[in-house]
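# Fold and geometry: a report
Each chain is listed here by its residues.
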Amino acid sequence: MSQESVAYLTPTSRRQRAVSALHRLWQDKVAFFAAVFLLIVIFSTLAAPWISPHDPAVGKIGNRLKPPAWMEGGDPNYLLGTDQQGRDVLSRIIWGGRVSLTVGFVVVGLAGAFGTLVGLISGYFGRWVDLLIMRIVDVQSSFPGLLVALTFVMVLGPGQWNLIAALTFNGWMIHARMARSQVLSMRETTMVESARAIGCTTSQTLFGHILPNIISPLITTYVLEMAHMIGAEATMSFLGYGIQPPQASWGLMIGEGRVYITNAWWLVTFPGLAVALTILSLNLVGNWVRTEFDPLHRSRH
Amino acid sequence: MALNELVRVEHLVKYFPAGGGFLGKPRAFVHAVDDVSFTIIRGETFGLVGESGCGKTTTGRLILRLLDPTSGKVIYDGQDILRLDGNAMRHMRRKMQLIFQDAFSSFDPRKKVFDIVAEPLRVHGLASGSQLRERVAELLVTVGLEPRHGEEYPHELSSGQKQCVGIARAISLNPEFIVADEPISAVDVSVRAQVLNLMKDLQEKLGLTYLFISHDMSVIRYLSDRVGVMYVGKLVEYAPKSELFKNPIHPYSKALLAAVPVEDPDQRREREILEGDVPSPVNPPNGCRFHTRCKFASPVCSEEEPPLLDRGGGHFVACHSF
Amino acid sequence: MLRYVFTRLIYTVVVILGVSLLVFVITHVIGNPVNVMLPLQASEEERAQLKHQLGLDKPLSTQLKEFLAGMVRLDFGKSWWQQEPALQLALRRVPATFQLVIMAFTVAALISIPLGIIAAYRPGSIIDRFLTTTSLVGVCLPSFWVGLLLVITFAVKLGWFATSGYGTYRHIVLPVVTLAILPAGHMAQIMRFSMLDQLNQQYVTTARAKGLDEATVVFKHALKNAATAVLTMGGMDLGRMLAGETAAVEMVYAWPGFGSLILETIARQDFPLLQASVFVVAVIICLINLAVDLSYGLFDPRIRY
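If you're wondering where the values come from, they're calculated on a predicted model, not measured in any experiment.

Attention shifts here to the overall build of chain C. The secondary structure content of chain C amounts to 13 helices and zero strands. Written out in order from the N terminus, the α and β elements of chain C read α-α-α-α-α-α-α-α-α-α-α-α-α. Reported as C-alpha extents along the three principal axes, the dimensions of chain C are approximately 85 × 55 × 30 Å. Taken over 305 residues, chain C has a buried fraction of 49%.

So this is what it looks like as structure tokens:
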């Protein structure tokens, strides 16, 4: 372990470290704005009931398909226009973000916890346990996720929780791979040997010593997978197998707006922009987290 | 003698797979420890000496069952520890501890010194709350540190202090037996003697038995009561310290001793420089493993493995020539 | 080499069998297609009759036996939706997707690989920064959304291409561009990263010190070593896309490919067709993986089978 990485792992003061990390974030302008954008998205979805200008589920049919406010025929009350039922697009994006972010967050929470646990076990115990688990991971991840998720939803029926189940089933493997590779590099260290020498149980060694020391690189994967899962949710909802009306989600809005692309471009453009920017921001922040946690990487680039 | 014996090692063998072939089936094995037997007597310091890669560290790990041997037995205080199940073995670990060569790398870098020393007590549920704080403070004082060091992170300590923390942790459970694996080679030269003296004091105070592993003959001489010499996975000679240093029999031991500087410059010994390289433990030579470098080698040495025989007075040697 | 291919093929058969069995169990134990195929007000009698027609009233073990016996003969039964053998129906839709994906991949590789090399050769330059940004954006954009934006711009507003359908170049350009974005982004990222890595290696310095000309260093030495990483990434993308991950984009352009067949299969709960599709997907994925593994040997002489 290089001096630098040791100095990183061993906080002289957690506050000092946090301050210098924020300073580096400020210097990396792109990552900084991505983080700010994400904070805005998270805040607005949390505060949806108070900040959304209209009811996302109710519209006046007389207001249907109004273009964005700055265009000819636009209504200043409806900043981003209205949809085929006269519902406010902006309000639906804010509420839809709530669903999209929840799905992403819950899926990464479940898949991350399960995958990390499986990866820890696989890497620590090795031998046939590892062989078996990694075979399952290989087979499952070589299969197209979309087909698996569709089959799942076909059988269980569409809806938010079934979608979460399907995406979790699809998403745990990468966390298992990551955790395993980290454990492999940790397993033979003196630190782990010394934990065994003083009589730690296997779970004390795994969760008390190994996991806290490998969690940093795993966090990067959690962030990047969040982006991935928000994209998957959008695709499934767009196809009609994810979030169901009258709930709103970004993907579902694009799916519903598809019929009107010849005369109402804003119906697909704005929710899509929300998805794309959120995914992009998560990727930028994820990459920043990666360099932040890996001093070697930081000095190289 | 059987009454006083604390550890008995019988025909201990450890092969490590070298290079995975198809489906992880290894093509070759490193013969790290190959049929090693000896005993350690309660209260003594048994020094194990040899070049790096000779299997001395592996032997120490096998005795503590941090590695599982390929075959052979480790009897600790009359109990075959290889037969203990997980729980019983964890309980047994309270009696046997390890001091690491590089103490720092054996610590969780995220933990403070206090938590590092306290961990064994917590793991075994031996102390908590104020009792734990008192015990840890006492341990830190015992190894020559101050209780305030508990609030520091290990990387903030000097190399000698780090090893002292390692020792404090090793003795926290009041063990009977400690394997010390090159405990001073990562310590600054200026404080090595201090650490050695600390270990000597603790032995007296706590009635410890040491297996002291080192490549350094002068350190072994300073601390040990009896000494074993290892060469490419084999124990080639073991005897009481004074006997071995006065009268080494195996040509390899002789060569090792000849390399040790002596205090009295007039007392020059014959210089012996070993020719050739240490053979690979993946493919050790037949017969006596030393025959490729031994100037006394005869045809029998390359065919038959010499048995480890008592030459009287507890002096065991494995050599055909003497 | 032959032995390697042989063991891989056996492994492939095991995987395909396992996946098919899994799908069979999921669909037959949990699924209930009769509810989807009949209107809500259908009587119990009608339901029972349909069940009998589809063979779903037989005991599960009999159904499984029949399924396995059929699979050995590559016979997955008749599609419930279109009364014809399911495998034929599935295979008939594969070429349209292949056409799209192969073209998209060619475009992606032609653009991204040279750019990735140039970017790695001059890290920090304008080209590098442009490529790093666009490739990241490219892999972040949901492809179906890009498809819709392209339709709005180039088909609806400008009228250059058809909004959807199959046939002439007016139909194929937009879906190819849409599908090329993701693999182009991935390959550019990987190409740049692994080239950068290779160019910093000792052997490149040695080659330069020997006086080899720069083109030889970059193309013969570094590129050859970096190609493996690109191949892995590209192979993964290619396999997934050929195996129906293109569904959303095919839906946008009403492209009559394998992806849209899968969507129809799911919508109609057509079990035989689903089984046949899963089989086709598994075969495609395994073949691509095998091809990628074997082609490593072309770039890296250290790899032996």
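Another point: the overall build of chain B. Helix and strand counts for chain B stand at nine helices and twelve strands. By the compact-globule yardstick of 20 Å for 322 residues, chain B fits well, its C-alpha radius of gyration being 21 Å. The principal-axis extents of the C-alpha atoms in chain B amount to approximately 70 × 60 × 40 Å. Relative to its full complement of 322 residues, chain B shows a buried share of 51%. In chain B, the share of contacts with a sequence separation of at least 24, taken over all contacts with a separation of at least 6, comes to 64%. Just so you have it, chain B exposes about 14,700 Å², and 49% of that area is on carbon and sulfur atoms. Averaging the locations of the 39 positively and 41 negatively charged side chains of chain B gives two centres separated by 4 Å.

If you walk through the whole model with that rule in mind, you get five cavities of 30 Å³ or more. Lining the largest cavity are 13 residues, and of these Leu98, Ile99, Phe100, Gly166 and Arg169 of chain B sit closest to its centre. The set of elements that each furnish at least two residues to the lining of the largest cavity consists of α9 (190-197) of chain A together with β6 (96-99) and α5 (159-171) of chain B. Counting residues per element, the lining of the largest cavity draws most heavily on α5 of chain B, at four residues. Taken as a whole, the second largest cavity holds about 60 Å³ of empty space.

Here we come to the layout of surface pockets. Taken as a whole, the second largest pocket spans an internal volume of roughly 1,500 Å³. Looking at the second largest pocket, it is lined by 35 residues, and the ones nearest its centre are Arg127 and Arg196 of chain A together with Leu66, Leu67 and Asp68 of chain B. Elements represented by at least two residues in the lining of the second largest pocket include exactly α5 (89-125), α6 (127-142), α8 (160-187), α9 and α10 (202-239) of chain A together with β1 (5-20), α1 (56-63) and α2 (86-92) of chain B. Among the residues making up the lining of the second largest pocket, the classes are represented as 13 nonpolar, nine polar and 13 charged.

This brings us to the packing of aromatic side chains. Following the criterion strictly, the structure yields 23 aromatic pairs over all chains and no others. Aromatic pair phenylalanine 32 of chain A and phenylalanine 33 of chain A: ring centres 5.5 Å apart, planes at 75°, arrangement edge-to-face. For phenylalanine 33 of chain A, a relative accessible area of 53% gives the class exposed. Here the aromatic rings of phenylalanine 238 of chain A and phenylalanine 144 of chain C are separated by 4.2 Å at their centres, their planes lie at 20°, and the arrangement is stacked. Of this pair, phenylalanine 238 of chain A sits in helix α10 while phenylalanine 144 of chain C is found in helix α7 (residues 143-157), placing the two residues in two different chains. Neither residue differs from the other here; phenylalanine 238 of chain A and phenylalanine 144 of chain C are each classed as buried. An aromatic cluster is present here, built from Trp70, Trp265, Trp266 and Phe270 of chain A joined pairwise through their rings. Sitting above the plane of the tryptophan 26 of chain A ring, lysine 29 of chain A keeps its charged end 3.8 Å from the centroid. When the ring centre of phenylalanine 104 of chain B is taken as reference, the NZ or CZ atom of lysine 162 of chain B above it lies at 4.7 Å.

Let's shift gears to the interface of chain C and chain A. Each partner contributes residues to the interface: chain C has 42 residues there, and chain A has 36 residues. Between chain C and chain A lies a buried interface of about 3,500 Å² when both sides are counted; carbon and sulfur atoms form 80% of it. Of all residues in chain C, Phe144, Trp145 and Ile266 of chain C bury the most surface against chain A, accounting for 17% of the area lost on that side. Summed over the shared surface of chain C and chain A, the number is zero salt bridges. Applying the counting criterion to the chain C and chain A interface returns six residue pairs in polar contact (both at pLDDT 80 or more). Residue assignment for the side of chain C that touches chain A shows that the elements contributing at least two residues are α1 (2-30), α6 (126-140), α7, α8 (169-199), α10 (214-245), α11 (247-252), α12 (258-268) and α13 (271-299) of chain C. Counting residues per element, the side of chain C that touches chain A draws most heavily on α7 of chain C, at eight residues. Class assignment of the residues belonging to the side of chain C that touches chain A gives a composition of 34 nonpolar, five polar and three charged.

What follows concerns the domain arrangement of chain C. You can read the domains of chain C as domain 1 (2-72) and domain 2 (95-256). One C-alpha centre belongs to domain 1 of chain C, the other to domain 2 of chain C, and the line joining them spans 38 Å.

Our next topic: helix α3 (residues 113-123) of chain B. Residue and element names in this part refer to chain B. Counting buried residues along α3, nine of its eleven residues qualify, which places the element largely inside the surrounding structure. Those residues of α3 lying buried are Val113, Phe114, Ile116, Val117, Ala118, Glu119, Pro120, Leu121 and Val123. Where α3 ends, the next residue or the one after it, glycine 125, has phi of about 60°, a positive value.

Counting across every chain of the model gives 29 salt bridges over all chains. Between arginine 42 of chain B and glutamate 176 of chain B there is a salt bridge, with the nearest N and O atoms lying 3.8 Å from each other. Of this pair, arginine 42 of chain B sits in the loop between β2 (26-41) and β3 (45-49) while glutamate 176 of chain B sits in the loop between α5 and β7 (177-181), and the two are 134 residues apart along the sequence. Residue classification places glutamate 176 of chain B among the partly exposed residues on the basis of a relative accessible area of 24%. Aspartate 108 of chain B is paired through a salt bridge with lysine 111 of chain B; the nearest N and O atoms lie 3.8 Å apart. Its relative accessible area of 4% is what places aspartate 108 of chain B among the buried residues. Owing to a relative accessible area of 23%, lysine 111 of chain B belongs among the partly exposed residues under this scheme. One salt-bridge network, in which partners are shared between bridges, spans Asp83, Arg87, Arg92 and Glu256 of chain A.

What counts, and at which threshold
Residues numbered from 1 in each chain as written. Chains lettered and ligands numbered in written order. Predicted model: local features only at pLDDT ≥ 70, side-chain atom pairs only at ≥ 80, totals over all residues. Heavy atoms only, no water. Helix = DSSP H or I, 4+ residues; strand = E, 2+ residues; numbered from the N terminus. Buried < 20%, exposed > 50% of the residue type's maximum accessible area, 1.4 Å probe, protein only. Rg over C-alpha atoms; globule rule 2.2 N^0.38 Å. Contact = heavy atoms within 4.5 Å. Areas by Shrake-Rupley, 256 points an atom, 1.4 Å probe, with all protein chains shown as cover. Lys, Arg positive; Asp, Glu negative; His and termini not counted. Charge placed at Lys NZ, Arg CZ, Asp CG, Glu CD. 1 Å grid on protein atoms, 1.4 Å probe; cavity = no way out; pocket = protein on both sides within 12 Å on 5 of 7 lines; lining within 4 Å. Points joined across faces, edges and corners; volume = space filled by probe spheres on them. Nonpolar A, V, L, I, M, F, W, Y, C, P; charged D, E, K, R; others polar. Phe/Tyr/Trp six-rings, centres within 6.5 Å; stacked < 30°, edge-to-face > 60°. Lys NZ or Arg CZ within 6 Å of the ring centre and 35° of its normal. Buried area = accessible area lost by both parts, 1.4 Å probe. Salt bridge = Lys/Arg side-chain N within 4 Å of Asp/Glu carboxyl O. Polar contact = N/O pair within 3.5 Å; in protein donor to acceptor, adjacent residues only side chain to side chain. Domains from an automatic or database assignment.

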